[in-house]
Amino acid sequence: MIKINSLEIRHLKLPLVRHFETSFGRVYHQETLIIKVSEGNLSGWGECPASAAPYYSSETVHTAKYIIKDFITKLILNESFSDLTHLSSSLNGIRGNQMAKAGVLMALSDLSARKRKIPLAKLYGGTRKAIVSGISLGIQDTPEDLIERIKESVSLGYKRIKIKIKQGWDLKIVALVRKEFPRFTLSVDANGAYKAYDWKLFKDLDKYKLMMIEQPLRQDDLVEHAQLQKKIKTPICLDESIKSYHDAEQAIKLKSCKIINIKQARVGGPLEAIQIHNFCRKNKIPVWCGGILESGIGRLHNIALASLPGFTLPADISASARYYKKDIINPPVTLEANGTIKVPTQIGIGADIIESQIEEYTVSKEVIS
Ligand code: OSB
Ligand code: MG
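Residue positions are given per chain, counting from 1 as you read along its sequence in written order. Here the convention is simple: chains get letters from A, ligands get numbers from 1, in the order in which they are written. In view of the model being predicted, local features appear only for residues whose pLDDT reaches at least 70, and side-chain atom pairs are presented and counted only at 80 or more, with totals across whole chains, interfaces and linings using the full set of residues. The basis for every side-chain value is the complete set of non-hydrogen atoms in the structure, without hydrogens or water.

Enquirer: Give me the layout of surface pockets: which residues, what numbers.
Expert: Estimates place the volume of the largest pocket at around 570 Å³. Detection works on a 1 Å grid of protein atoms alone, calling trapped sets that fit a 1.4 Å probe cavities and calling open sets with protein on both sides within 12 Å along at least five of seven lines pockets, with lining residues defined by an atom within 4 Å of a point. As for the largest pocket, its lining consists of 38 residues, and the residues nearest its centre are F20, F24, V27, I292 and L293. Numbered from the N terminus, helices here are DSSP runs of H or I no shorter than four residues, and strands are runs of E no shorter than two. Looking at the lining of the largest pocket, the elements with two or more residues in it are β1 (6-22), β2 (25-39), β5 (135-137), β6 (161-164) and α12 (296-306). Considering every element that reaches the lining of the largest pocket, the biggest residue donor is β2, with seven residues. Residue polarity is assigned by list, with Asp, Glu, Lys and Arg as charged and Ala, Val, Leu, Ile, Met, Phe, Trp, Tyr, Cys and Pro as nonpolar; anything else, Gly included, falls into the polar class. A breakdown of the residues in the lining of the largest pocket according to their chemical character gives 16 nonpolar, 12 polar and 10 charged. Boundaries between domains were set according to an automatic or database domain assignment. If you count residues domain by domain, the lining of the largest pocket takes at least three from each of domain 1 (2-117 + 354-368) and domain 2 (123-342). Grid points are joined across faces, edges and corners, and a volume is the space filled by probe spheres set on the points. What the second largest pocket holds in volume is close to 370 Å³. In terms of lining residues, the second largest pocket is bounded by 16 residues, among which S88, N92, V267, G268 and E272 are the most central.

Enquirer: Lay out the domain arrangement of the chain in plain terms, naming residues and giving numbers.
Expert: Interface size is often expressed as the accessible area that is lost when the parts come together. Under the domain assignment, the chain is made up of domain 1 (2-117 + 354-368) and domain 2 (123-342). When two components associate, each loses some accessible surface as probed by a 1.4 Å sphere; the sum of these losses over both components is called the buried area. Both sides of the domain 1 and domain 2 interface together cover about 3400 Å² of buried area, and 64% of this is carbon and sulfur. The term salt bridge refers to a side-chain nitrogen of Lys or Arg lying within 4 Å of a carboxyl oxygen of Asp or Glu. Joining domain 1 to domain 2, the criterion identifies four salt bridges. Between K166 and E21 there is a salt bridge, with its nearest N and O atoms 3.4 Å apart.

Enquirer: Break down the site of ligand 1 for me, with residues and values.
Expert: We call a residue near a molecule or strand whenever a single non-hydrogen atom of that residue lies within 4 Å of it. Not every one of the 15 residues close to ligand 1 is listed here, only the nearest: K164, N191, K263, L293 and Y323. For ligand 1, an oxygen atom lies 2.9 Å from a polar atom in the side chain of K164. Values of accessible area rely on a 1.4 Å probe in the Shrake-Rupley scheme; residue burial ignores everything except the protein chains shown. Calculation on ligand 1 without its partners gives an accessible area of 390 Å², and the protein chains cover 97% of this total. Molecules are considered to sit inside a cavity or pocket once more than half of their atoms lie within 2 Å of its grid points. Of the pockets mapped on this structure, ligand 1 occupies the largest pocket. Think of a polar contact as two N or O atoms within 3.5 Å of one another; within protein, one of them needs to be a possible hydrogen donor and the other a possible acceptor, and neighboring residues in sequence only count if both atoms come from side chains.

Enquirer: Which residues make up the pattern of salt bridges, and what are the values?
Expert: Scanning the entire structure with this criterion turns up 23 salt bridges. Between D189 and K164 there is a salt bridge, with its nearest N and O atoms 2.8 Å apart. Pair noted here: D189 is in strand β7 (residues 186-189) and K164 is in strand β6, with a separation of 25 residues, a long-range link. By relative accessible area, which is 0% here, D189 ends up buried. For K164, a relative accessible area of 5% puts it in the buried group. Note that R266 and D239 form a salt bridge whose closest N and O atoms lie 2.6 Å from each other. Exposure is judged per residue with a 1.4 Å probe applied to protein chains only, and the accessible area is read against the type maximum: over 50% gives exposed, under 20% gives buried, and values in between give partly exposed.

What follows is the structure, encoded as structure tokens:
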């Protein structure tokens, strides 16, 4: 039984160690919502990494906060649910707004794990003791800066490097990186910056033996992705296009991709993410766990998810220190020398919440009960 009697939403603004640039722009801070749900004196934490602007997804921290306050809490506060699945399906009437739903459902999953006194990974049926970690490197001021960042990441132990690309920072950059790192596992992520008529560029990329090309075209271009995949050898991986289980089904039927990046925040929460994982596993589509610059709380949620057996490719889950000088969890997420991250064995998300650090980053706070 789940019956929460209070929900706290905090809007946090965390300074990044270094700016992060994608084809849709550069950020110096990450804005995110931390959600705390309580059942009596037991609480669970989740994260809604909707960010400040509607560029990666149509949501922002402000739209998500509004949806949580005015719609989600009205459906779940002080209501009884038999389990997480029951609760999750009660939100089906709210269209879209996946990140808002995800933040709340993550918090409820943490709460459920704490109630059962088991690690979150165990609640999800996770089987891995550690996950293989990759790193996503943004667009840099110069190619030399990028090479420097890659060298640093390889020496820290990261097992796969993902390079953000955009018009003017693509083929030449990949050629240069391949020359410096002939065999390292590399991928690129365009965040939807290209059009179907740019197909030749992707054909030219084939010779660099990338592990995948992530989201080359716009999010709604499933048919165009299928046509592009037919023309090139490198596997296409979809990120922004997959916002639900239904999207994953459509993409696989259409052969729009050979790999899927699963982000629980993007697909409406952990249960939807697990359904996509199960479907992909059945259809032999490899998946990996992506990230959206999460603070420690969302990062631990991603680690728990990535412990499921179908997550066979390196995750975009790096150490806390890759993004944040002071994380809001103790201990922070750290990278082992062999390029893995341990799946916590403590109850719930698996680390203590540093409430004083959360307070320092808080822009606004609201408690609904
Ligand atoms: O496209 O995967 C993406 C960060 C913010 C928004 C979208 C993306 C990313 C990343 C970084 O690539 C992933 C991470 O390390 O959290
Ligand atoms: Mg991506």
